[in-house]
There are 2 protein chains.
Amino acid sequence: MDTTPKGNRLHIALLGRTNVGKSSFLNLVVGQDIAITSSVAGTTTDVVEKAMELLPLGPVLFLDTAGLDDASELSALRLKKTEKIFDRADIALLVTEPDVWGTYEEEVLAEMDKRRVPVIVVVNKIDLHRPSDSFLQNLKAKVSHVIPVSSLDTAGRNAFLDTLKRRLLEAAPDDFVQPPSLVGDLLPPGGLAVLVVPIDLQAPRGRLILPQVQTIRDALDNDAAVLVVKERELPATLALLNRPPDIVICDSQVILKVSADVAPAIPLTTFSILFARQKGDLATAAEGVAYIENLQSGDKVLIAEACSHHPLEDDIGRVKIPRWLKQYAGGNIQTDISAGRDYPENLREYKLIIHCGACMLTRREMLGRQQQAREAEVPVTNYGLAISFTQGVVRRTLSPFPSALLAFDRKIKELHPP
Amino acid sequence: MDTTPKGNRLHIALLGRTNVGKSSFLNLVVGQDIAITSSVAGTTTDVVEKAMELLPLGPVLFLDTAGLDDASELSALRLKKTEKIFDRADIALLVTEPDVWGTYEEEVLAEMDKRRVPVIVVVNKIDLHRPSDSFLQNLKAKVSHVIPVSSLDTAGRNAFLDTLKRRLLEAAPDDFVQPPSLVGDLLPPGGLAVLVVPIDLQAPRGRLILPQVQTIRDALDNDAAVLVVKERELPATLALLNRPPDIVICDSQVILKVSADVAPAIPLTTFSILFARQKGDLATAAEGVAYIENLQSGDKVLIAEACSHHPLEDDIGRVKIPRWLKQYAGGNIQTDISAGRDYPENLREYKLIIHCGACMLTRREMLGRQQQAREAEVPVTNYGLAISFTQGVVRRTLSPFPSALLAFDRKIKELHPP
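Residues numbered from 1 in each chain as written. Chains lettered and ligands numbered in written order. Predicted model: local features only at pLDDT ≥ 70, side-chain atom pairs only at ≥ 80, totals over all residues. Heavy atoms only, no water.

**Description of the overall build of chain A**
Reasoning step 1: Each helix and strand in chain A was counted, giving 15 helices and 15 strands.
Reasoning step 2: By the burial criterion, 55% of the 418 residues in chain A qualify as buried.
Reasoning step 3: When contacts within chain A are restricted to residue pairs at least 6 apart in sequence, long-range pairs at least 24 apart make up 76% of them.
Reasoning step 4: Here chain A displays about 18,100 Å² of accessible surface, and carbon together with sulfur accounts for 51% of that area. (Helix = DSSP H or I, 4+ residues; strand = E, 2+ residues; numbered from the N terminus. Buried < 20%, exposed > 50% of the residue type's maximum accessible area, 1.4 Å probe, protein only. Contact = heavy atoms within 4.5 Å. Areas by Shrake-Rupley, 256 points an atom, 1.4 Å probe, with all protein chains shown as cover.)

**Notes on the packing of aromatic side chains**
Reasoning step 1: Counted by the stated rule, this structure contains six aromatic pairs over all chains.
Reasoning step 2: The interplanar angle of 70° and the centroid separation of 6.2 Å between the aromatic rings of A:Phe389 and A:Phe408 together place this pair among those described as edge-to-face. Here the residue A:Phe389 occupies a position in helix H13 (residues 383-390), and A:Phe408 occupies one in helix H15 (residues 402-415), the gap between them amounting to 19 residues.
Reasoning step 3: Since its relative accessible area comes to 5%, A:Phe389 is described here as buried.
Reasoning step 4: Residue classification places A:Phe408 among the buried positions, given a relative accessible area of 4%.
Reasoning step 5: Here a set of aromatic residues connected by ring pairs shows up, and it is made of A:Tyr328, A:Phe389 and A:Phe408.
Reasoning step 6: One Lys or Arg, A:Arg369, reaches over the ring of A:Tyr343 and ends 4.6 Å from the middle of that ring.
Reasoning step 7: The aromatic ring of B:Tyr350 is capped on one face by B:Lys300, whose charged end is 4.9 Å from the ring centroid. (Phe/Tyr/Trp six-rings, centres within 6.5 Å; stacked < 30°, edge-to-face > 60°. Lys NZ or Arg CZ within 6 Å of the ring centre and 35° of its normal.)

**So, the nonpolar core**
Reasoning step 1: In terms of nonpolar packing, the biggest core is built from 107 residues, with A:Ile216, B:Ile216 and B:Ile321 touching the most fellow members.
Reasoning step 2: Leave out the neighbours within four places in its chain, and A:Ile216 touches A:Leu195, A:Leu208, A:Val226, A:Val228, B:Leu208, B:Ile216 and B:Val228.
Reasoning step 3: With 38 residues, the next largest nonpolar core counts A:Val196, A:Val248, A:Ile255 and A:Ile266 among its residues. (Core = buried A, V, L, I, M, F, W, Y, C linked by side-chain atoms within 4.5 Å.)

**Examining the environment of B:Thr362**
Reasoning step 1: Note on placement: B:Thr362 falls in the loop between strand S14 (352-355) and helix H12 (363-375).
Reasoning step 2: Considering only alpha carbons, one finds B:Thr362 and B:Gly280, 82 residues apart in sequence, at a separation of 8.9 Å.

**Structural notes on the environment of B:Lys230**
Reasoning step 1: Position of B:Lys230 relative to the elements: it lies in the loop between strand S9 (225-229) and helix H7 (234-238).
Reasoning step 2: By relative accessible area, which is 12% here, B:Lys230 ends up buried.
Reasoning step 3: Taking the C-alpha atoms as reference, B:Lys230 lies 7.1 Å from B:Ile199; in sequence the two are 31 residues apart.
Reasoning step 4: Sequence-distant contacts of B:Lys230, defined by excluding residues within four places in its chain, comprise A:Leu220, A:Asp221, A:Asp223, B:Val196, B:Val197 and B:Ile199.
Reasoning step 5: A polar contact is formed between the side chain of B:Lys230 and the side chain of A:Asp223, at a distance of 2.7 Å. (Polar contact = N/O pair within 3.5 Å; in protein donor to acceptor, adjacent residues only side chain to side chain.)

**Here we look at the interface of chain B and chain A**
Reasoning step 1: The partner chain A presents 31 residues to the 31 residues of chain B that form the contact.
Reasoning step 2: Summing the contributions of chain B and of chain A, the shared interface buries around 2,800 Å²; its carbon and sulfur component is 59%.
Reasoning step 3: It is B:Arg217, B:Leu220 and B:Leu240 in chain B that bury the most area against chain A; as a group they hold 24% of the surface buried on that side.
Reasoning step 4: For the pair chain B and chain A, the number of links is four salt bridges.
Reasoning step 5: Salt-bridge contacts for B:Asp223 lead to A:Arg232; the nearest nitrogen and oxygen are separated by 3.0 Å.
Reasoning step 6: At the junction of chain B with chain A, the criterion picks out 14 residue pairs in polar contact (both at pLDDT 80 or more).
Reasoning step 7: Looking at the side of chain B that touches chain A element by element, the count peaks at seven residues for helix H6 (residues 210-221) of chain B.
Reasoning step 8: As paired elements, strand S9 (residues 225-229) of chain A and S9(B) share three bridges and run antiparallel to each other. Bridging across to S9(B), A:Leu227 finds its partner in B:Leu227. (Buried area = accessible area lost by both parts, 1.4 Å probe. Salt bridge = Lys/Arg side-chain N within 4 Å of Asp/Glu carboxyl O. Pairing = 2+ DSSP bridges.)

**A word on the relation of the copies chain B and chain A**
Reasoning step 1: In screw terms, the move from chain B to chain A is a rotation of 179° and a rise of 0.1 Å along the axis, fitting with an RMSD of 0.2 Å. In the structure described here, the two chain copies are related by an operation that fits a two-fold rotation axis. No C-alpha of chain B approaches the rotation axis more nearly than that of B:Leu227, which lies at 2.1 Å.
Reasoning step 2: Comparing contact sets, 100% of the residues at the interface of chain B also lie at the interface in chain A, consistent with an isologous, same-surface contact. (Least-squares fit on C-alpha atoms with pLDDT ≥ 70 in both.)

**Section: the sheet that holds strand S15 (residues 380-382) of chain A**
Each strand in a sheet pairs with another by means of backbone hydrogen bonds, the pair being arranged parallel or else antiparallel.
Residues and elements named next belong to chain A.
Reasoning step 1: On the basis of which strands lie adjacent, the open sheet formed by four strands has the order S13-S12-S14-S15 and parallel pairing. The open sheet has two free edges, formed respectively by strand S13 (334-339) and S15, since each of these has just one partner strand. Averaged over all neighbouring strand pairs, the angle between strand axes comes to 25°, with direction disregarded.
Reasoning step 2: Two elements, strand S12 (residues 300-305) and strand S14 (residues 352-355), share four bridges in a ladder whose sense is parallel. Its bridge partner lying in S14, Leu 302 is registered against Ile 353. (Axes fitted to C-alpha atoms, helices over the stretch in contact; angles between N-to-C directions.)

**Comments concerning the pairing of strand S6 (residues 119-123) of chain B**
Residues and elements named next belong to chain B.
Reasoning step 1: Here S6 lies mainly inside the structure; five of its five residues are buried.
Reasoning step 2: Going residue by residue along S6, you find Val 119, Val 121 and Val 123 tucked away on one face and Ile 120 and Val 122 tucked away on the opposite face as well.
Reasoning step 3: Strand direction decides the pairing type here: strand S5 (residues 91-96) and S6, joined by five bridges, are parallel. Paired with Ala 92 across the two strands is Val 119, which belongs to S6.
Reasoning step 4: You can see the chain leave S5, run along helix H3 (residues 103-114) and come back into S6, and the turn it takes is right-handed.
Reasoning step 5: Pairing analysis gives four bridges linking S6 to strand S7 (residues 145-148), with the strands arranged parallel. Paired with Val 122 across the two strands is Ile 147, which belongs to S7.
Reasoning step 6: With helix H4 (residues 133-142) bridging S6 and the parallel S7, this β-α-β connection has right-handed handedness. (Right-handed = clockwise from strand over helix to strand, strands pointing away.)

**Some points on the pattern of salt bridges**
Reasoning step 1: Applying the stated rule across the entire model yields 45 salt bridges over all chains.
Reasoning step 2: The closest approach of N and O atoms between B:Lys142 and B:Glu106, which form a salt bridge, is 2.8 Å. One end of the pair, B:Lys142, is in helix H4; the other, B:Glu106, is in helix H3, with 36 residues separating them in the sequence.
Reasoning step 3: Owing to a relative accessible area of 43%, B:Lys142 belongs among the partly exposed residues under this scheme.
Reasoning step 4: The partly exposed category is assigned to B:Glu106, whose relative accessible area is 32%.
Reasoning step 5: With a shortest N-O distance of 2.9 Å, B:Glu375 and B:Arg166 are connected by a salt bridge. Of this pair, B:Glu375 sits in helix H12 while B:Arg166 sits in helix H5 (residues 157-171), placing them 209 residues apart in sequence.
Reasoning step 6: Judged by relative accessible area, B:Glu375 falls into the partly exposed class, the value being 22%.
Reasoning step 7: Salt bridges here are not isolated pairs; linked through shared partners, they connect A:Asp87, A:Glu111, A:Lys114 and A:Arg115.

Keep in mind these numbers describe shape, not what the thing actually does.
Listed below in structure tokens is the structure:
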């Protein structure tokens, strides 16, 4: 099922002396809501690779150095073997325990520093003995990311994992939080995308809005062609083609008309959803949108805007979405607006967060906000998916993204068991 | 042949007392290189309309008030009749003669001022008696545009006409120097334009260059669809269509490949030519480009850049066009570069001006520069047409513009009589 190539996974080297509890730490990570998709011996018998999905980062590959580190120092021979792991790592997780820090740990730091690979230090076994303040202070002076944990503390497990994921997200190299292709990966070379662009007040005179331009360019960069048309001319224009297009992408505001004009077999989505995928984890947003189904009169929904200055989205966030939610739920849904980089203190009071398009946030920041919502146990979706959902076309507009559609269907089934 | 609707012509009211020589003045204007395309009685028998092409302004309509003005004052009845002309005028040409200025002229100024219509005063008959300095000074205090002339002075005719045309261009309301539609007028509603856009260094990462975006938008604004494709995918993409597109537009740098890939019956042009039409008179540039045919070793060509800061065009203006000119002429063509709002002093030394795309100039300014070249009797063309010409495809790329193509063919025939 998971076909992410190894090269696109974040490679996390798991390092540490034998007795620090590296195995129990990995079990803690793996044991949670994470499925190991493979666990095979690596190219050397000394490395075990564990591929998994680690939200919000996505696909990761743990490089477990079992058998390489059973000593307090790296000998020349062992260093040579370990170097293969050092060279492959995008991030190093160095596991140690309270008051244990010596030549081995210093050498790992030096080797990683040489390669400009960020290191996260996990201080394990804090249930057995509390690390001294001076130990932790010294450590934090050396390494930006230090997380104390007890691998045996089941109760604290979720909180630790949330912290670890956030640290991984913060430390991950830019490449791994780079946006995926906007639309190029949905098109075969020589393929054809149809873009339905309403020309309205939002469009500056004589221009197109930037998301439309970016989508055209991304298709061209992937050796596909793009047919751009207004919604009124769409049916006549589709009739000019002697085969169906590979995908149709339209503005959310015309999705109802367009979904009627485009044959069901043709993949259809909206610009908002393309950008939701680029600016965050689409499966998370797809799961989140399913919660609209459950909204009841009196429930509170947070409309979260990343910044306070995007008047064009005001109409969507402040007027249209609140109205559609009420219509859908058939009762009074209280919608609050929050603007800015932080969620409000009372985040846990909300049944759902509907996030803006995040045009002012980086993907790393938006993934962080999705993770924050997860930590507060509040589902999070975005404007684009909320519009598709309330218009009754979300399964259609998610259909080009099978894993997000699967996440949505699973969540709906979970919320409404048959 | 000329199908410009009356409403799109610059309406010029020709006013003046009978004896000031209004008829001989109009004959002077008409007698030159201007073809009267119609001369019919107007909606009232008191107005004669004369439609003509007046470069660089384009189509104009003279409203000749013959029979209305045979008096030194406007009576109430006659004013009422003349008001119809006042109301229709975009510019007024008020003809008078040295030291003749009275109630009639003042009333015309007042009526035109009320309507915010600019007035150009032509002081005729200066061959008969020189206007006094005080007369001219008083006049210039009242009116911004004053031109002394002798309608009988054949030798000074061209210089006068050049002055008149420049004054008309300066005084014309913005609407009449507004750019024509980029491509919309070349497309039927429901039509299809194919845009061939090479993705190269010029294109900013993740975007399209502005001329491409503007062309897409203009087609959409005219209810047409746009198929955007890279040059490599063009043949396969054309094969997706079950009828030929209405026009293909490509970047000048790929015109040779594209003209081979597009069936001869399909109209084909370049972005440069669309913008040359928008930023100036295309027929003038089409006539100008014909002079490349005549270039001989030792001839001087001026590469004129409107501003000094467009590094991306440097390669075209400073390297490619000079090289292609030498190849075409088969000898040494001296190309000088001039940058800035004014041509160099020695303009008349050049056999041809090849102007940049004028992205930093308004249409009024570019029309003015074409007129300046005309006054110096130096043909003027632009980068886009020069590229098409030296690549041997200029008749093809002018084919969507019949009047420009006709101007080109006539000039070629004139330069090379059979």
